[in-house]
Amino acid sequence: MTAVDSRPVAERGTGSGQWTRGARIRAFIALTKPRIIETLLITTIPVMFLAQQGVPDLWLVIVTVTAGYLSAGGANALNMYYDRDIDALMHRTSNRPLVTGIVSPAECLVFGISLAVVSTAMFGLLVNWLSAALALGALLFYVLVYTMLLKRRTSQNIVWGGIAGCLPVVIGWSSVTNSLSWAAVILFLVIFFWTPPHYWPLSMKVREDYARAGVPMLPVIASNKVVARQIVVYSWVMVGVSLLLWPLGYVGWFYPAVAVAAGVWWLWEAHALQARARAGMTGSKLKEMRLFHWSITYVSLIFIAVAVDPFLR
C-alpha cells in the first residue's frame, strides 16, 4: 500500500471562509455525488411500478425518492470523509470539496450523519420501517464494509461493496408492498452482477489514479486480459439473471424482449473488449469506455422496461 498524508488540503491551512455561499451550497450538494445517485434512483422508481402493477401513489414515489437520495447522499458524504486522503492523490477526485478545502472534514462528517438520520426517519415515518431498515443497512454497508474494510484491501472491493448499490431496487419494492419478493431479489442480482462489468472498464481507464493512491482495484493488480475475462463472465451471468423475471411470471412479453435485445448488445461489447485485450491493445485502442457508457444505457433500458411492462400485459 502507498503511504500517504491523511490530511487533505482542508486540513493544511485552507479555510472555508474564502468561498461564496453559492459555492459552498454547490459543494455540499457535490458531497452527495448526485450523478451516481441518478443511477440508483432509476432503479428504484421502475420497481415501484412493477410492485404496484401500475402507477404507484405519487406521494409515495416522491417521499421514497427524496429519502433515498438523502440516504445515498449521506453514505457518499461519509465515503468522502473517510477517503479524503486518497482523493487528494487521484486526478479524478482532486476537485472534491474536502480536497479543495471548501468543506471541512468536520462539516462533512456532521452533514453525512445528519442525512443518514433524516433519511432513515423519513423512510420509517412516511413510508414503512422495512424500507427504513433496508436504506440504513445500505448506508452502513457502503460506509463500514466497502469504504472502510474492502476498498483499500482487496481487488474484489467493487464486487461485494456493490451490494449497497443493489438495495435501492429492494427498497423500491418494499416501499409499495411493505414486503419482499423474488422479483426484488432477481432485480437485486441484476444490479449485483452489473456493477463489476460496469465499473471495471472505468477502472481500466483510470488505473494509474488508483495505483497512485494504493487502491487495489482489479485493473491495478491484473492484466487487461484477466479483467476483460472477468467482465465477460459477469456479463453472461447478469444477462441470464435478468431473464428470470419472465419464467417466474412477474412480467409479460415486453420486458424479456427488451432484456434479450439489450443483453445481446451488451455481450457483443463485452466480447469485443475481451478480443481487443487479447490482441494486446492498450490506450485509446482498447476502447474500454465503450462498455462503460453502454452499461449506463443498458441499465436504463432494463428498468424502463420493468416500469412499462405492467401496462402491456
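Residues numbered from 1 in each chain as written. Predicted model: local features only at pLDDT ≥ 70, side-chain atom pairs only at ≥ 80, totals over all residues. Heavy atoms only, no water.

Caption draft 1: Expanded view of the overall build of the chain. On a plain count of helices and strands, the chain comes out with 15 helices and 0 strands. Radius of gyration (C-alpha) of the chain: 20 Å, near the 20 Å computed for a compact globule of 313 residues. Evaluated residue by residue, the chain yields a buried proportion of 55% over its 313 residues. For the chain, contacts bridging at least 24 residues in sequence account for 76% of all contacts bridging at least 6. Surface exposure of the chain reaches about 13900 Å², of which carbon and sulfur atoms provide 67%. (Helix = DSSP H or I, 4+ residues; strand = E, 2+ residues; numbered from the N terminus. Rg over C-alpha atoms; globule rule 2.2 N^0.38 Å. Buried < 20%, exposed > 50% of the residue type's maximum accessible area, 1.4 Å probe, protein only. Contact = heavy atoms within 4.5 Å. Areas by Shrake-Rupley, 256 points an atom, 1.4 Å probe, with all protein chains shown as cover.)

Caption draft 2: A look at the environment of Arg229. Note on placement: Arg229 falls in helix H13 (residues 224–242). As for Arg229 and Arg21, which are separated by 208 residues in sequence, their C-alpha atoms are 48 Å apart.

Caption draft 3: Focus on the pattern of salt bridges. By the definition in use, this model includes 7 salt bridges. Among the ionic pairs, Glu107 bridges to Arg24, the shortest N-O distance being 2.9 Å. One end of the pair, Glu107, is in helix H6 (residues 105–127); the other, Arg24, is in helix H1 (residues 21–31), with 83 residues separating them in the sequence. Residue Arg290 is joined to Glu269 by a salt bridge in which the shortest nitrogen-to-oxygen separation is 2.7 Å. Of this pair, Arg290 sits in helix H15 (residues 289–308) while Glu269 sits in helix H14 (residues 254–278), and the two are 21 residues apart along the sequence. Here the salt bridges do not stand alone but share partners, grouping Asp83, Asp85, Lys151 and Arg152 into one network. (Salt bridge = Lys/Arg side-chain N within 4 Å of Asp/Glu carboxyl O.)

Caption draft 4: Focus on the packing of H1 against H6. At their nearest, the axes of H1 and H6 sit 11 Å apart, and the two run at 55 degrees to each other. Taken as axis vectors, H1 and H6 run oblique relative to one another. Relative to H6, the crossing made by H1 is right-handed. Contacts between H1 and H6 pair Arg24, Phe28 and Leu31 from the former with Glu107, Cys108 and Phe111 from the latter. (Axes fitted to C-alpha atoms, helices over the stretch in contact; angles between N-to-C directions. Parallel < 35°, antiparallel > 145°, perpendicular 65-115°, else oblique. Left-handed = near helix turned anticlockwise from the far one by under 90°.)

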